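Letter by letter, the chains look like this.
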Amino acid sequence: MGIKLHSRPHSLSLVLFLGLLIQFSWAAIEKKTYIVHMSKSEMPTTYSLHSNWYDSCLKSVSESAEMLYTYNTIIHGFSARLTEEEAESLRTQQGILSVFPEQIYTLHTTRTPLFLGIDKYDELIPDVSDSTSSDVVIGVLDTGAWPESKSYDDKGMGPIPSNWKGECETSKDFPSTSCNKKLVGARSFSKGYEATLGPIDESAESNSPRDDDGHGTHTSTTAAGSAIANASVFGYASGTARGMASRARVAVYKVCWKGGCFSPDILAAMEKAIEDGVHVLSLSLGGGNSEYYRDSVAIGAFTAMEKGILVSCSAGNAGPTPDSLSNVAPWITTVGAGTLDRDFPAYVSLGNGKNYSGVSLYNGKPLPDKMVEFVYAGNASTASNGNLCMTGTLIPEKVAGKIVFCDRGINARVAKGVVVKQAGGIGMVLANTAANGEELVADAHLLPASGVGVKAADAIKSYLFSDPNPTATIMFAGTKLGVQPSPVVAAFSSRGPNTITPEILKPDLIAPGVNILAGWSGAVGPTGLASDTRRVEFNIISGTSMSCPHVSGLAGLLKAAHPEWSPAAIRSALMTTSYNSYKSGKPVLDIATGNASTPFDHGAGHVDLIAALDPGLIYDLKTEDYLNFLCAMDYTPAQIRSLAKSNFTCDPHKKYNVADLNYPSFGVNSYSTGSDGSTLVVFHTRTLTNVGSPGTYKVSSAITTTGPGKDAVKISIEPDTLTFTKMYEKLSYEVVFTTTTMPSGTNVFGRIEWSDGKHIVGSPVSVTWN
């Protein structure tokens, strides 16, 4: 026994040692996908083609590795599966700018034409309504397209523009007839996805541009879907569904699959879209924040900007948490989400006679015509998180035949209803938490259900806990228009400040992103759940994924009206004409708090197309301005070349300042320079370009914050008057921000406006003490 007792630890040590050895060995040989940036100008003369050089570099570190993609436009380089050791070896080679692992991005998941005034566009810009608008191509990187969607109808459209170079990638489930004069291009990119997760399971999703998810069809038709009469979801939101730029063409680039959206595929798609000839790129996806030279979307967007293509991206759905933004590079237009003036009321009536308003898109068998037993999910479960109505947590005997009260969180809203239904429940009240506030997001539930705001939820919960025999019913009231106040900032919309460059205030603006009707895939039900066998031609969903293509489509309209405008000019027009107060003069609200929203929530404000068509003045930017910005960020030559693909180097004798980027907003970083009362002076310079009639503009500034710090910021502007005598004349001014000491984390907001009596050219201001 003694020998056995002593031998067991030795045997265990040997097993542990061998296990660790295997683990370390596996780590050494485990492969990941890396993106390799090469310096184009440093190719040795021994190679005639860059592809030969790339191949030689790869073979020098791995005989077995194969390239997934070679990139020639978006970057110079390639992507490949490598071990960590091989990647490190590549980094040491001459001509290699960077080698970094792939990123995985996720999707950021009618009334809007009228709400945005698009019906007036044709009257204001009659000369471009038919011809120039249809020359604009909007490229959408997403989950593909359902080509049978009525929103891709090309009736009445002229020939495809002769300068369009895109293709319709065909397969057994995506024949050549899938594309037409509206859907002019369709491609799919999956090598990065398959290199990491294995071959696409074609029994679960289409290995083609076909959209099995619905998200891509929804975003692309929001941006540029054709006008389709009598559209609705189960009778809700009935009317004519149309994209923002309904005469523009659409090209889809499928980069998102069931396992996510992988950066090698995104880069390849952006490269192809640029080569195809798109005018606007729309990406409703994101993957957190990293330095711009390591962010594939930012890298691709820089090249697009150089080619004159505006890139619109969703801000993310991580709100109302601060610092939660995605896609914050200054050459990207970053879009947050607001609500419409439309609602889908579903009233919760309680046994105590009180009624509470919620929302729902349910259109199935109604509840019995009487009050029904009502139960709190947490009291019908033995699980600690039973209140969340997660799979397997409800006790059937306690919910059968009853309406169940479920709290939001963890699993999908509609999935909670399925759990209730499977346990025998006949209805659901879905309760917002404090994080969701009063935001009401409508869902096409699979059982009678209503989503209620946090105040109503608390009152209903109080009734459930106090009444010994609680009862309830739910009544559905269809579609309601003219809801006020509207818009309000959506609780889910990601918030600033910009954690990479606080001086660049983000998001740039907000657009409709709550309860948006657009085209849908025939492969999946409106909830996206496998158990949902219903099929719809249109669907209503919410997210900054929906607000992003609104701006993409509006950018397409501006491009048609002003083809000479740069991407920065278009973004400036959209930002400086945005509004952040209602017609009553009261500020646009944040639904998460019920208080006035701030530029960290709404950016410059809510987009206003009609005002953007004639902005008066713009803040323009060229590639050189962004390069100077990168110098101000102290990027190395290699890091700059990863973005710019040129041999640009910063002038060691020049003083660069991030605050000098000619952006249509102002972000100021302040800090204490000593004891209380000390001051810091920050200078920002800007240049305005006249794109309207000659005129004299006078400036005004104001601090809009009413709380702590209001008196800690002074704004002075020199000169305070600018007189423009001709079109495209440029005049500059300087803003001096003088701040006194405040506690770290204090934020103060303001606004600067130039006006000639007709136009208002507005810019938001944020001042943050760090």
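Residues numbered from 1 in each chain as written. Predicted model: local features only at pLDDT ≥ 70, side-chain atom pairs only at ≥ 80, totals over all residues. Heavy atoms only, no water.

**Observations regarding the UniProt feature "domain: PA" (unreviewed entry) in the protein chain**
Turning to step 1, where the next piece is worked out: Mapped onto this structure's residue numbering, the UniProt feature "domain: PA" (unreviewed entry) falls at residues 388-460.
Turning to step 2, where the next piece is worked out: Helix and strand shares over residues 388-460 are 29% and 19% respectively, and the end C-alpha atoms of the span are 16 Å apart. (UniProt positions renumbered as here; feature names shortened; annotations may be inferred. Helix = DSSP H or I, 4+ residues; strand = E, 2+ residues; numbered from the N terminus.)

**Notes on a negative patch on the surface**
Turning to step 1, where the next piece is worked out: Residues D660, E718, D720 and E734 make up a contiguous surface patch of negative charge.
Turning to step 2, where the next piece is worked out: Secondary-structure assignment places E718 in strand β33 (residues 713-718).
Turning to step 3, where the next piece is worked out: Residue classification places E718 among the exposed residues on the basis of a relative accessible area of 58%. (Patch = residues over 30% accessible without salt bridge, like charges linked within 9 Å, V, L, I, M, F, W, Y side chains within 5 Å. Areas by Shrake-Rupley, 256 points an atom, 1.4 Å probe, with all protein chains shown as cover. Salt bridge = Lys/Arg side-chain N within 4 Å of Asp/Glu carboxyl O. Lys, Arg positive; Asp, Glu negative; His and termini not counted. Charge placed at Lys NZ, Arg CZ, Asp CG, Glu CD. Buried < 20%, exposed > 50% of the residue type's maximum accessible area, 1.4 Å probe, protein only.)

**Some words on helix α19 (residues 637-644)**
Turning to step 1, where the next piece is worked out: Of all eight residues making up α19, six are buried, and the element is well covered by its neighbours.
Turning to step 2, where the next piece is worked out: Within α19, the full set of buried residues consists of Q639, I640, R641, S642, L643 and A644.
Turning to step 3, where the next piece is worked out: One or two steps after α19, the chain reaches K645, where phi turns positive at roughly 55 degrees.

**Quick look at the state of the cysteines**
Turning to step 1, where the next piece is worked out: Taken as a whole, this structure holds four disulfides when the rule is applied.
Turning to step 2, where the next piece is worked out: A disulfide bridge connects C168 with C179, and the sulfur atoms are separated by 2.2 Å. Between C168 and C179 the sulfur-sulfur dihedral comes to about 85 degrees; the bridge is accordingly right-handed. One end of the pair, C168, is in the loop between β6 (137-142) and β7 (183-188); the other, C179, is in the loop between β6 and β7, with eleven residues separating them in the sequence.
Turning to step 3, where the next piece is worked out: The class for C168 is partly exposed, based on a relative accessible area of 23%. (Disulfide = S-S within 2.5 Å.)

**Digging into the pairing of strand β30 (residues 666-670)**
Turning to step 1, where the next piece is worked out: Among the five residues that make up β30, four are buried, leaving the element largely enclosed by the rest of the structure.
Turning to step 2, where the next piece is worked out: With five bridges connecting them, β30 and strand β37 (residues 760-769) associate as parallel partners. Across the sheet, F666 pairs through a bridge with V765, a residue of β37. (Pairing = 2+ DSSP bridges.)

**Things to note about the sheet that holds strand β14 (residues 285-286)**
Turning to step 1, where the next piece is worked out: One open sheet holds the four strands; their spatial order is β11-β12-β5-β14, and the pairing between them is antiparallel. Both outer strands of the open sheet, β11 (256-257) and β14, are each paired with one neighbouring strand and no more.
Turning to step 2, where the next piece is worked out: Judged from the two bridges that link them, strand β5 (residues 104-107) and strand β12 (residues 260-262) form a sheet pairing that is antiparallel. Within β12, the position partnered with I104 by the bridge is F262.

**Brief notes about the domain arrangement of the protein chain**
Turning to step 1, where the next piece is worked out: Once the domains are mapped, the protein chain shows domain 1 (32-101), domain 2 (112-341 + 488-602), domain 3 (345-478) and domain 4 (616-621 + 661-769).
Turning to step 2, where the next piece is worked out: Once you take the C-alpha centre of each, domain 3 and domain 4 turn out to be 48 Å apart. (Domains from an automatic or database assignment.)

**Notes on the side chain of S206**
Turning to step 1, where the next piece is worked out: Looking at where S206 falls in the secondary structure, it is placed in the loop between α7 (191-197) and α8 (215-224).
Turning to step 2, where the next piece is worked out: Residue classification places S206 among the buried residues on the basis of a relative accessible area of 10%.
Turning to step 3, where the next piece is worked out: S206 has contacts with D173, D212, K254 and W257, leaving out every residue within four places of it along the chain. (Contact = heavy atoms within 4.5 Å.)

**Quick look at the pairing of strand β18 (residues 345-350)**
Turning to step 1, where the next piece is worked out: Counting buried positions along β18 yields five of six residues, so the element is predominantly enclosed.
Turning to step 2, where the next piece is worked out: Linking two consecutive strands that pair antiparallel, namely β18 and strand β19 (residues 355-359), is a turn of four residues; a positive phi of about 90 degrees is found at G353 within it.
Turning to step 3, where the next piece is worked out: Relative to strand β24 (residues 471-476), β18 runs antiparallel, the two sharing five bridges. Bridge pairing in β24 links L350 to A472.

**Some remarks on empty space enclosed by the protein**
Any empty space left between the atoms is revealed when a probe the size of a water molecule rolls over them.
Turning to step 1, where the next piece is worked out: Of the pockets and cavities examined, the second largest cavity occupies roughly 60 Å³.
Turning to step 2, where the next piece is worked out: Lining the second largest cavity are V359, R408, R413, L430, N432, E439, L440, V441, D443, H445 and G451.
Turning to step 3, where the next piece is worked out: In terms of residue class, the lining of the second largest cavity is built from four nonpolar, three polar and four charged. (1 Å grid on protein atoms, 1.4 Å probe; cavity = no way out; pocket = protein on both sides within 12 Å on 5 of 7 lines; lining within 4 Å. Points joined across faces, edges and corners; volume = space filled by probe spheres on them. Nonpolar A, V, L, I, M, F, W, Y, C, P; charged D, E, K, R; others polar.)

**What to know about the packing of aromatic side chains**
Turning to step 1, where the next piece is worked out: Summed over all chains, the structure comprises 21 aromatic pairs.
Turning to step 2, where the next piece is worked out: Ring centres of F302 and Y626 lie 6.4 Å apart, and the angle between their planes is 70 degrees; on these two criteria the pair is classed as edge-to-face. Here the residue F302 occupies a position in helix α10 (residues 296-306), and Y626 occupies one in helix α18 (residues 623-632), the gap between them amounting to 324 residues.
Turning to step 3, where the next piece is worked out: For F302, a relative accessible area of 0% corresponds to the buried category.
Turning to step 4, where the next piece is worked out: Taken together through their ring pairs, the aromatic side chains of Y292, F302, W331, Y626 and F629 make up a single cluster. (Phe/Tyr/Trp six-rings, centres within 6.5 Å; stacked < 30°, edge-to-face > 60°.)

**Structural notes on unusual backbone geometry**
Turning to step 1, where the next piece is worked out: In this chain, Q484 is followed by P485 through a cis amide linkage whose omega measures 0 degrees.
Turning to step 2, where the next piece is worked out: Summarising the element assignment, P485 is placed in the loop between β25 (480-481) and β26 (509-512).
Turning to step 3, where the next piece is worked out: A cis geometry characterises the amide bond from K506 onward to P507, with omega recorded as 0 degrees.
Turning to step 4, where the next piece is worked out: Along the chain, P507 turns up in the loop between β25 and β26.
Turning to step 5, where the next piece is worked out: Although it is not a glycine, D323 sits at a positive phi angle of roughly 60 degrees.

**Considering the pattern of salt bridges**
Turning to step 1, where the next piece is worked out: Applying the stated criterion across every chain yields a total of 18 salt bridges.
Turning to step 2, where the next piece is worked out: For E42, the salt bridge goes to R641, with nearest N and O atoms at 3.0 Å.
Turning to step 3, where the next piece is worked out: Residue E42 is classed as partly exposed on the basis of its relative accessible area of 27%.
Turning to step 4, where the next piece is worked out: Residue classification places R641 among the buried positions, given a relative accessible area of 17%.
Turning to step 5, where the next piece is worked out: Ionic contacts of the salt-bridge type, sharing partners, join the residues E167, R187 and D276 into one network.

**Re the side chain of R571**
Turning to step 1, where the next piece is worked out: Relative to the elements of secondary structure, R571 occurs in helix α15 (residues 567-576).
Turning to step 2, where the next piece is worked out: Although R571 is buried, it makes no salt bridge; D508 carries the closest opposite charge, 4.8 Å away.
Turning to step 3, where the next piece is worked out: In contact with R571, other than residues within four places in its own chain, are L310, P330, W331, I332, T333, D508, L621, Y626 and Y663.

**Quick word on α8**
Turning to step 1, where the next piece is worked out: For α8, the tally of buried residues reaches ten of ten residues, placing the bulk of the element in the interior.
Turning to step 2, where the next piece is worked out: What α8 keeps buried is the set H215, G216, T217, H218, T219, S220, T221, T222, A223 and A224.
Turning to step 3, where the next piece is worked out: Elements that come into contact with the buried residues of α8 comprise β5, β6, β10 (249-254), β27 (516-519), β28 (538-541) and α14 (544-561).

**Observations regarding the packing of α10 against α18**
Turning to step 1, where the next piece is worked out: Between α10 and α18, the shortest axis-to-axis distance is 10 Å and the interhelical angle comes to 145 degrees. Together, F302, M305 and E306 of α10 and T623, Y626, L627 and L630 of α18 make up the contact between the two elements.
Turning to step 2, where the next piece is worked out: Within the contact of α10 with α18, the residues separate by chemical class into five nonpolar, one polar and one charged. (Axes fitted to C-alpha atoms, helices over the stretch in contact; angles between N-to-C directions.)

**Some details on the packing of helix α9 (residues 263-276) against α10**
Turning to step 1, where the next piece is worked out: One way to put it is that α9 packs onto α10 with a least axis distance of 9 Å and a crossing angle of 10 degrees. On the basis of the axis angle, α9 is roughly parallel to α10. For the pair α9 and α10, contact is made by S263, I266, L267, M270 and I274 and by S296, V297, I299, G300, A301, T303 and A304, respectively.
Turning to step 2, where the next piece is worked out: Of the residues contributing to the contact of α9 with α10, the split by class is eight nonpolar, four polar and no charged. (Parallel < 35°, antiparallel > 145°, perpendicular 65-115°, else oblique.)

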